[in-house]
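Next come the chains, spelled out residue by residue.
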Amino acid sequence: MPLPLFLPCAAGIEGLLAAEVRDLLADTAVVEMRGGVALEGDPIEVMKLNLESRLAQRVLVEVGACDYRGEQELYELARAIDWSDWVTPRHTLRVDTTAHRSPLRSVNFAALRVKDAVCDMLRDATGQRPNVDTHHPDLQLMLHLGEERAWLYIDTSGEALFKRGWRTDKGDAPLKETLAAAMLAAAGWRGTPEAGGALHDPCCGSGTIAIEAAQIACGIAPGLKRPFAFEGLLPFATEAMRAEWQRLKSHATARMHPARVPVSGSDVSFRMVDFARRNAERAGVAHVITFNGGDAL
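Attention here is on the structure that accompanies the text.

Considering the pairing of strand β1 (residues 3–8)
Then, in step 1: Burial analysis of β1 places 5 of its 6 residues in the buried class, which makes it a mostly covered element.
Then, in step 2: Judged from the 6 bridges that link them, β1 and strand β3 (residues 36–41) form a sheet pairing that is antiparallel. Residue pairing in the sheet places Leu5 in a bridge with Leu39 of β3.
Then, in step 3: As paired strands, β1 and strand β4 (residues 60–67) are joined by 2 bridges and run antiparallel to one another. Bridged to Phe6 within β4 is Leu60.

Below, the structure is given as structure tokens:
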């Protein structure tokens, strides 16, 4: 059964994200919206989007929406969902909230009421309540409150997708990997002699742009080095789905290839150049990028 999906992104790159999703999922209808794109996808496509998208911040599954005036409507919205399709009482959960012109005085209390509804539903169904884990929950819910309408999502990504799993060393103002990828996409840079050519970042900092570019040039999927929240959810925990996940990762690994264009970076701070080299090593592209210290002028 297709799932209604929403992929949030940085403001202004919705068109780039829509084009990326169409490239990843052929023949899929994608709707550009403020702050992201909406589409329908099956669980395998949810896994593929998490693994392959460079521009999305998260992959969210919409599980409910309603008009509301207070917290009670939000409780009833979450209470009506069969959470046993997604988790057991042994799983943990957390509810995060965003709001735009919401009339509620406390978004934290709204999140608490949604958490109560999930726990009450599972208690009535199984006799047990799940626990809350604010750091590493199995079920990560996102409640978005508009002026009159609320949407409830399951976050299948876990940590935001810009966290690729390789950045340990960073400077004072690190650039998010998703924004670096958006800059490259907006420039039409695809890591080939025909679409982009050689790339040099003269103010590379900890290497984010150069590393994203090198991974693009080598065909490396951005999510290969990190875990995802969906791996602990029931629809993705069957033997068949685990086999599909391994197939997707194996296909992504087999697709990697040597870079056809040179990538380089430099920075006036030799400390940052050292950071960049270590990050590139963890990202699997140290052999692709030439880093040097030097003044951009």
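That covers the picture; the talk isn't over yet.
What about helix α1 (residues 14–24)?
Then, in step 1: Taken together, the buried positions of α1 are Glu14, Leu17, Ala18, Glu20, Val21 and Leu24. In a view along the axis of α1, the buried residues occupy a sector of 160°, so they form one face of it.
Then, in step 2: Contacts from the buried residues of α1 go to β1, β2 (31–33), β3 and α2 (43–52).

Focus on the pairing of β4
Then, in step 1: One ladder, built from 7 bridges, connects β4 with strand β8 (residues 149–155); its direction is antiparallel. By the bridge assignment for β8, Val61 is matched with Ile154.

Description of the pattern of salt bridges
Then, in step 1: This structure, assessed with the given rule, holds 17 salt bridges.
Then, in step 2: The shortest N-O distance in the salt bridge between Asp116 and Lys115 comes to 3.0 Å. There is no split in this pair, since Asp116 and Lys115 are both buried.
Then, in step 3: With a shortest N-O distance of 3.6 Å, Asp120 and Arg123 are connected by a salt bridge. Separated by 3 residues within a single helix, Asp120 and Arg123 lie in helix α4 (residues 107–126), roughly one turn from each other.
Then, in step 4: Overlapping salt bridges, with partners in common, bring together Arg79, Asp120, Arg123, Asp124 and Arg129 in one network.

Let's talk about the packing of aromatic side chains
Then, in step 1: In the structure shown here, the tally under the stated rule is 5 aromatic pairs.
Then, in step 2: With centroids separated by 5.8 Å and ring planes inclined at 85°, the aromatic side chains of Phe228 and Trp245 adopt a geometry described as edge-to-face. One end of the pair, Phe228, is in the loop between α6 (208–218) and α7 (239–254); the other, Trp245, is in helix α7, and 17 residues separate them in sequence.
Then, in step 3: For Phe228, a relative accessible area of 6% corresponds to the buried category.

Topic: the environment of Arg113
Then, in step 1: Within the secondary structure, Arg113 is located in helix α4.
Then, in step 2: The spatial distance from the C-alpha of Arg113 to the C-alpha of Glu76 is 9.2 Å, given a sequence separation of 37 residues.
Then, in step 3: Non-local contacts of Arg113, meaning those with residues more than four positions away in its chain, are made with Glu71, Gln72 and Tyr75.

Some remarks on the sheet that holds strand β10 (residues 263–267)
Then, in step 1: The 3 strands lie next to each other as β9-β10-β11, forming an open sheet whose pairing is parallel. One side of each edge strand has no neighbouring strand; the edge strands of this open sheet are β9 (199–201) and β11 (289–293). Direction aside, the axes of adjacent strands within the sheet are offset by 15° on average.
Then, in step 2: Judged from the 5 bridges that link them, β10 and β11 form a sheet pairing that is parallel. Pairing of Ser266 across the sheet is with Asn292, part of β11.
Then, in step 3: Sitting on the sheet, helix α8 (residues 270–283) is in contact with β10 and β11, with an inclination near 165° to β11.

Here we look at unusual backbone geometry
Then, in step 1: With phi around 65°, Asp27 is a residue other than glycine that occupies positive phi space.
Then, in step 2: Inspection of the secondary structure assignment puts Asp27 in the loop between α1 and β2.
Then, in step 3: Classification of Asp27 by relative accessible area gives exposed; the value is 84%.
Then, in step 4: At Arg101, a position not held by glycine, the phi torsion is positive, near 60°.
Then, in step 5: Secondary-structure assignment places Arg101 in the loop between β5 (92–99) and α4.
Then, in step 6: Owing to a relative accessible area of 62%, Arg101 belongs among the exposed residues under this scheme.

Here is what the cut-offs are and how they apply
- Along each chain, residue indices are assigned from 1 in the same order as the chain's sequence is written.
- Only residues with pLDDT of at least 70 are given local features in this predicted model, and only at 80 or more are side-chain atom pairs given and counted; all residues enter the totals for whole chains, interfaces and linings.
- Hydrogens and water molecules were not included; the side-chain quantities draw on all heavy atoms of the structure.
- Three labels apply to residues, based on accessible area from a 1.4 Å probe with only protein chains included: buried if under 20% of the type maximum, exposed if over 50%, partly exposed otherwise in between.
- By the criteria applied, helices consist of DSSP H or I runs no shorter than four residues and strands consist of E runs no shorter than two, each listed in order from the N terminus.
- Two strands make a pair as long as DSSP finds a minimum of two bridges between them.
- The arc in question is the one traced by the directions running from the helix axis out to the C-beta atoms.
- Any pair of residues with heavy atoms lying within 4.5 Å of one another is described as a contacting pair.
- A carboxyl oxygen of Asp or Glu within 4 Å of a side-chain nitrogen of Lys or Arg is what we treat as a salt bridge.
- Ring pairs are drawn from Phe, Tyr and Trp, using the six-membered ring of Trp, whenever the two centres fall within 6.5 Å, and their geometry is named by plane angle: stacked under 30 degrees, edge-to-face over 60, tilted for the rest.
- To define axes, lines are fitted to C-alpha atoms, for helices over the stretch in contact only, and angles between the resulting N-to-C directions are given on a 0 to 180 degree scale.

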